[in-house]
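Remarks on the overall topology
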Amino acid sequence: IMEFDAGLEKARKMHTMCLTLMKKFWRLAQGYEKKGYSVLPRMAHHVEEYGRCREVANTEYSYLLELYPSSTTLLFSYSSFCDTVLNDSDKCEHYKHLAMLSQAAQEGRVLDEAEAALDRPAPSSSGDSEGHRLALQNQLASC
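Attention here is on the structure that accompanies the text. (Residues numbered from 1 in each chain as written. Predicted model: local features only at pLDDT ≥ 70, side-chain atom pairs only at ≥ 80, totals over all residues. Heavy atoms only, no water.)

**Remarks on unusual backbone geometry**
In this structure, N87 takes a positive phi of about 55° despite not being glycine. As for its placement among the helices and strands, N87 is situated in the loop between helix 4 (72–84) and helix 5 (89–106). Accessibility expressed as a relative area gives 67% for N87, which makes it exposed. (Helix = DSSP H or I, 4+ residues; strand = E, 2+ residues; numbered from the N terminus. Buried < 20%, exposed > 50% of the residue type's maximum accessible area, 1.4 Å probe, protein only.)

**Focus: the side chain of T72**
Along the chain, T72 turns up in helix 4. Here the side chain of T72 touches Q106 through a polar contact of 3.3 Å, side chain to side chain. Not counting the four nearest positions on each side in its chain, T72 is found in contact with A99, S102, Q103 and Q106. (Polar contact = N/O pair within 3.5 Å; in protein donor to acceptor, adjacent residues only side chain to side chain. Contact = heavy atoms within 4.5 Å.)

**Remarks on the pattern of salt bridges**
Under the counting rule described, the total for this entry stands at three salt bridges. Ionic pairing is found between E60 and K10, a salt bridge with its closest N-O pair at 3.8 Å. Within this pair, whereas E60 is found in helix 3 (residues 40–67), its partner K10 is found in helix 1 (residues 2–30), the two being separated by 50 residues in sequence. When the shortest N-O distance is used, the salt bridge between E93 and K96 registers 3.6 Å. With a gap of three residues between them, E93 and K96 both fall in helix 5, about one helical turn apart. (Salt bridge = Lys/Arg side-chain N within 4 Å of Asp/Glu carboxyl O.)

Quick look at the structure:
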């Protein structure tokens with residue numbers, strides 16, 4: 001449990017740092033017209049730091065997911081990371097759904113048929129996402 005807590009804390013810290021760095025980057029970008037090229041080195045620094053934090057967080061989340069694949073807290077946290085940092089809505093929805101399934105199982109609930117139909121692997125980035133979205137939309141429409 002100590003390993004899990006330390007790993008999750010590290011991943012969340014890097015996740016938060018990514019969001020902070022994004023805000024700093026865009027604030028500098030807004031001031032570009034007034035301050036000119038003098039903001040570019042700081043913007044470049046924020047981009048480098050963002051990349052490092054993103055990689056550390058993603059690595060830590062991936063490691064934890066291998067060890068604790070049914071942790072509701074971890075699944076929700078990684079879902080948020082996929083949404084806010086990786087900008088991968090398909091992956092976000094996949095892990096959010098896994099988290100909801102895990103939460104339901106812990107509470108002894110059974111998800112209804114429409115919710116259970118959503119339990120499938122995350123689409124790849126090779127174009128499956130549109131087909132997945134349409135299939136999902138059709139399933140929900142038939143309920």
